[in-house]
Amino acid sequence: MHFADVLPLRSGASIRAYDLSYETYGQLNADKSNAVLICHALNASHHVAGVYLDESGQVMSKSEGWWDTMIGPGKPVDTNRFFVIGVNNLGSCFGSTGPMQTNPDTNEVYGADFPVVTVQDWVDAQARLLDALGIQTLAAVMGGSLGGMQALSWTLQYPGRVRHAVVVASAPNLTAENIAFNEVARRAIVTDPDFHGGHFYKHGVLPKRGLRIARMIGHITYLSDDVMNEKFGRQLRDATGIKFSTQDVEFQIESYLRYQGDKFAEYFDANTYLLITRALDYFDPAGEFGGDLSRALAQASAKFLLVSFTTDWRFSPARSREIVKALLDNQVDVSYAEIDAPHGHDAFLLDDARYMGVVRSYFESKVSV
Amino acid sequence: MTGTTQINLPPSPDQLSIARLVPKGSRVLDLGCGTGALLDYLIRERGCSGYGVEIDDANVQACVARGVNVIQFNLEDGLALFGDSSFDVVLQIDTLQHLRNAEIMLRETARVGRIGIVAFPNFGHWPNRLAVLRGRMPVTKVLPYQWYDTPNIRVGTLRDFAALASQNRLQILDSFGLQDGREIRFWPNARASRAVFKLQRA
């Protein structure tokens, strides 16, 4: 959808006009009260559920929505009942206006000139999408990880427009360790000789080496040590033994990380990666309240469901508990499930019966349409 | 367990007796709230509000399915999530006997709530005494486990608890026994299978 109005950004910059890509699932009811907005995390998009068909009507391989376990007919977020909106954030490389598009002011590709966007800016842009769809209030806003931060921010920026917020595997801000991981990933990208200060499009190259390393670092932090050991352990790629090489792939985990990195570098935009990790770093609703999250959340009037996973060390249960505590301090309706799953941060994308069960129960019992 | 499991048991007669101790409209914290039956009843019938705390996944889901606010964590980790006197009533119904940090939790209950209501199986009930006299650990409706596989790591009597409460400078506002939903006020330590205490900071 195209938006012709200027969007002012937290940085002081603004975007003159922009497009947001979105998909919807299910039917919007007559009084437009059954909409659920899904906010995406780092490398995802508006394609949250279902599959794409090719011209001959065949299911395209690997076209499954990134939260297809969660959303669809009869699924925990049941599209027979809810009108689900998947939206792609500004700055993305999946259709919404971002660094790969042409800047209307210069008629050149934005590249590194695309303004730094924040979680709050994304929420503002999403609110305009709802305006355009004629939706005043959301039955629920939902997201995992960075998407959870957007859901939380919705309840603070537009408290009157959100009845429920479902915040999964998220945090009220990033720890120094988390920012450090982001910084290593960014340095990998910007020090790639093909990066050209973010204007690599002009040079006809892509900083794939940097993106690969950024993804490898990210990927390590999304898994738990246990899962990595279980999946790969110390298995060698070459069954005949070690090759005493420092350059070659020796262990299966190396092969796996290189594969993940290669795959990512094929489809993801380097500038988008920089922007999104920065949005993560900056998010801190307690910041303007002297670090007092309870005071920050005093504006929230939505009801909350929070879910965390015991083995998630990137967004640990302790971080979700901080949000829970701040909500309790404000006597807000909140439920919190701490799922004992082995998969680390990635668990929020997987099909765990307890996790799915609690989200399903919440949508069935609490979220009215 | 599937996503649609629901355990919508109504409150038991004992729970209903305990519910009468909770003033109407109270803000309630229910520690070890199980499937949320008591809290649900308090919210619907007595105009209360509040939260349950529960560790078991299936119980957490049952609470959510009822629409009762529930926070999942291990009570052994303490009550740091909750501020001083942030609740009118803190319930600890059949929870104390499972806790290693029972004494700390009792003090925390009094810190977080203006009043605390504690209920637990009364080991002083006469069938238990009789079983011990006969040389065996009791197995009853309220203590239904064999000694070698019981989740109850603390068993005590009304008199034991009264002593613990005064040792922790807690004032007992009321105490009685419960037997099949009936209040037992005459010789409760021998005549009731469950002990109930209502207390506050002295």
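Residues numbered from 1 in each chain as written. Chains lettered and ligands numbered in written order. Predicted model: local features only at pLDDT ≥ 70, side-chain atom pairs only at ≥ 80, totals over all residues. Heavy atoms only, no water.

1. Description of the overall build of chain A
We apply this condition: A run of H or I in DSSP counts as a helix once it spans at least four residues, and a run of E counts as a strand once it spans at least two, with each numbered from the N terminus. As defined in this context, the radius of gyration uses C-alpha atoms, and a globule is described by 2.2 Å times the residue total to the power 0.38. Think of it in three bands: residues with accessible area under 20% of the maximum for their type are buried, residues over 50% are exposed, and the middle band is partly exposed, with areas taken using a 1.4 Å probe on protein chains only.
The helix and strand inventory of chain A stands at 11 helices and 15 strands. The C-alpha atoms of chain A give a radius of gyration of 21 Å, which matches the 21 Å a tight globule of 369 residues would have. Projected onto the principal axes, the alpha-carbon positions of chain A cover approximately 65 × 55 × 50 Å. Sorting the 369 residues of chain A into buried and exposed places 55% on the buried side.

2. Examining the overall build of chain B
Tallying secondary structure elements over chain B gives seven helices and eight strands in all. Taking 17 Å as the expected radius of gyration for a compact globule of 202 residues, we find that chain B reaches 16 Å, a close match to that expectation. With the C-alpha coordinates of chain B rotated into their principal frame, the extents come out at 45 × 45 × 30 Å. Burial status across chain B gives 53% buried among its 202 residues.

3. Some points on the pairing of strand 2 (residues 49-54) of chain B
All names here are of chain B. The condition is simple: Two strands qualify as a pair provided that DSSP identifies no fewer than 2 bridges between them. The path from the first strand over the helix to the second decides the hand: if it runs clockwise while the strands point away from the viewer, the crossover is right-handed.
Summarising burial for strand 2: five of the six residues are buried, a large majority. Of the pairings in the sheet, the one linking strand 1 (residues 27-31) to strand 2 comprises five bridges and is parallel in character. Each residue of the ladder has a partner; that of D30, found in strand 2, is G52. Viewed along the sheet, the connection from strand 1 through helix 2 (residues 37-46) into strand 2 turns out right-handed. Sheet analysis places strand 2 next to strand 3 (residues 70-72), joined by three bridges and oriented parallel. Residue pairing for strand 3: V53 is matched across the bridge by I71.

4. Brief notes about the UniProt feature "domain: AB hydrolase-1" (unreviewed entry) in chain A
To keep things clear, this is the line we draw: UniProt positions are given in the numbering used here, feature names are shortened, and annotations may be inferred rather than shown by experiment.
UniProt records the feature "domain: AB hydrolase-1" (unreviewed entry) for residues 34-351 of chain A in the present numbering. Secondary structure across residues 34-351 of chain A divides into 36% helix and 13% strand, with the first and last C-alpha atoms of the span separated by 24 Å.

5. Thoughts on the pattern of salt bridges
Pairing between side chains becomes possible if they bear opposite charge and their charged atoms approach one another. Stated precisely, the cut-off is as follows: One speaks of a salt bridge when a side-chain nitrogen belonging to Lys or Arg is within 4 Å of a carboxyl oxygen belonging to Asp or Glu.
Taken as a whole, this structure holds 32 salt bridges over all chains when the rule is applied. Here R161 of chain A makes a salt bridge to D131 of chain A, at a shortest N to O gap of 2.9 Å. Separated by 30 residues along the polypeptide, R161 of chain A in the loop between helix 2 (146-157) and strand 13 (164-168) and D131 of chain A in helix 1 (residues 119-133) bring together distant segments of the chain. The closest approach of N and O atoms between R66 of chain B and D40 of chain B, which form a salt bridge, is 3.4 Å. Residue R66 of chain B is located in helix 3 (residues 57-66), and its partner D40 of chain B is located in helix 2; the two are separated by 26 residues in the primary sequence. A single burial state applies to R66 of chain B and to D40 of chain B, both of which are buried. Counted as one network, the salt bridges with shared partners bring together E183, R186, R278 and D281 of chain A.

6. Describing the UniProt feature "site: Important for acyl-CoA specificity" (unreviewed entry) in chain A
Residues and elements named next belong to chain A. Our working rule: Contacts are residue-level and defined by heavy atoms, with any inter-residue pair within 4.5 Å sufficient.
Under the present numbering, the feature "site: Important for acyl-CoA specificity" (unreviewed entry) in UniProt falls on R314. Of note, R314 is situated in the loop between strand 14 (303-309) and helix 10 (317-329). For R314, a relative accessible area of 7% gives the class buried. Excluding its chain neighbours within four sequence positions, the residues that come into contact with R314 are N178, F181, N182, G218, T221 and Y222.

7. Here we look at the confidence of the model for chain B
Residue and element names in this part refer to chain B. The criterion, for reference: pLDDT gives the predictor's per-residue confidence on a scale running from 0 to 100.
Per-chain confidence: chain B averages 91 in pLDDT, with 96% of residues scoring 70 or above. Element-level pLDDT for chain B is lowest in helix 7 (residues 188-191), with a mean of 88, against a maximum mean of 98 in strand 3. Low pLDDT, under 50, characterises residues 1-6; the predicted model gives this stretch 14 contacts beyond four residues in sequence or across chains. Predicted complex metrics record ipTM = 0.92 and pTM = 0.94.

8. Observations concerning the side chain of D269 of chain A
All names here are of chain A. The condition is simple: In summary, the charge assignment counts Lys and Arg as positive and Asp and Glu as negative, without counting His or the chain termini. Identification of polar contacts relies on pairs of N or O atoms within 3.5 Å, with a donor-acceptor requirement for protein atoms, meaning one able to donate a hydrogen and the other able to accept it, and with residues adjacent in sequence counted only if both atoms are side-chain atoms.
Among the secondary structure elements, D269 is positioned in the loop between helix 7 (252-267) and helix 8 (270-282). Although D269 is buried, it makes no salt bridge; K208 carries the closest opposite charge, 11 Å away. A polar contact is formed between the side chain of D269 and the side chain of Y201, at a distance of 2.7 Å. In terms of polar contacts, D269 uses its side chain to reach the backbone amide nitrogen of T272, at 3.0 Å. With residues up to four places along the chain from it excluded, the contact list for D269 reads C93, P99, M100, F200, Y201 and L211.

9. Re a nonpolar patch on the surface
Definition in use: Residues form patches when they are more than 30% accessible in relative terms and have no salt bridge. Like charges link within 9 Å. Nonpolar side chains (Val, Leu, Ile, Met, Phe, Trp, Tyr) link within 5 Å. Accessible areas in this description were obtained via Shrake-Rupley with a 1.4 Å probe; residue shielding takes into account the shown protein chains only.
A surface patch of nonpolar side chains, about 490 Å² in accessible area, is lined by V132, M137, W147 and Y148 of chain B. When you line up the elements, V132 of chain B lands in helix 5 (residues 126-133).

10. Regarding the environment of Q72 of chain B
Along the chain, Q72 of chain B falls in strand 3. By relative accessible area, which is 4% here, Q72 of chain B ends up buried. Spatially, the C-alpha atoms of Q72 of chain B and D56 of chain B are 7.7 Å apart, while their sequence positions differ by 16 residues. At 2.7 Å, the side chain of Q72 of chain B and the backbone nitrogen of E338 of chain A are in polar contact. Here I55 of chain B takes part through its backbone oxygen, which lies 2.9 Å from a polar atom of the side chain of Q72 of chain B.

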